[in-house]
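# Chain and residue survey
The residues making up each chain are set out below.
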Amino acid sequence: MKFNDFSAVQVRIARPTDNFDEIISFYETGVGLTKIELFEGGRGIKGVIFGLPHTDYHLEFTSHQDGSPCPAPTKDNLLVFYIENKDEIMHVVNRLAQMGYNEAEPENPYWKGKGVTIEDPDGWRVVFMNRAYD
């Protein structure tokens, strides 16, 4: 990936959680992401990485033995998936509803028009947006 002043081989978004097992279930079973690594590091930290091997973007969650230093700050902190096929969105949304995760009212009404917003176990919002982003 070529940016203005540097080239990067990957981008990873990482955040801590106090609900490690629930987060894994939400993103792997519910959303359907591929788990590519579980790890344990020093100082009581363990983590999981979702994505696809050899792709440019990954999502990582870590668990700290002393607890998370970072609760969800607002209802407008979002992870957005742009999905052109509405049936695919509804398949994921229905599966998450069966797991007990129902649609949440978005903070910004923009996301309601063509999207479905669902809170993950930590209260962070995931939006399944029915459009392409060019």
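For the structure, see preceding data.
What this report covers is the structure whose coordinates are included nearby. Note that the coordinates shown come from a computational prediction; the quantities given were computed from them, not determined experimentally. (Residues numbered from 1 in each chain as written. Predicted model: local features only at pLDDT ≥ 70, side-chain atom pairs only at ≥ 80, totals over all residues. Heavy atoms only, no water.)

## Side note on unusual backbone geometry
Rule in force here: A run of H or I in DSSP becomes a helix once it reaches four residues, and a run of E becomes a strand once it reaches two; helices and strands are each numbered from the N terminus.
One non-glycine residue, Arg43, adopts positive backbone phi at about 60°. Here Arg43 lies in the loop between β2 (35-40) and β3 (45-51).

## Looking at the pairing of strand β7 (residues 125-129)
Put simply, the test is: Each residue is placed in one exposure class: buried if its accessible area under a 1.4 Å probe, protein chains only, is under 20% of its type's maximum, exposed if it is over 50%, and partly exposed if it falls in between. For two strands to be treated as a pair, DSSP must find at least two bridges joining them.
The buried count for β7 comes to 5 of 5 residues, which makes it a mostly enclosed element. Side-chain alternation along β7 places Arg125, Val127 and Met129 on one buried face and Val126 and Phe128 on a second face that is also buried. Two strands pair when backbone bridges link them, and strand β5 (residues 78-82) and β7 are joined in this way by 5 bridges, in the parallel orientation. Bridging from a neighbouring strand, Phe81 pairs with Phe128 of β7. Summarising the sheet, strand β6 (residues 115-119) and β7 pair through 5 bridges and their orientation is antiparallel. Across the sheet, Gly115 pairs through a bridge with Met129, a residue of β7. Two successive antiparallel strands, β6 and β7, enclose a turn made up of 5 residues, where Gly123 displays a positive phi of approximately 90°.

## A few points about the environment of Asp21
Secondary-structure assignment places Asp21 in helix α1 (residues 20-30). Classification of Asp21 as exposed rests on a relative accessible area of 56%. Between the C-alpha atom of Asp21 and that of Ser63, which follows or precedes it by 42 residues, the distance is 9.6 Å.

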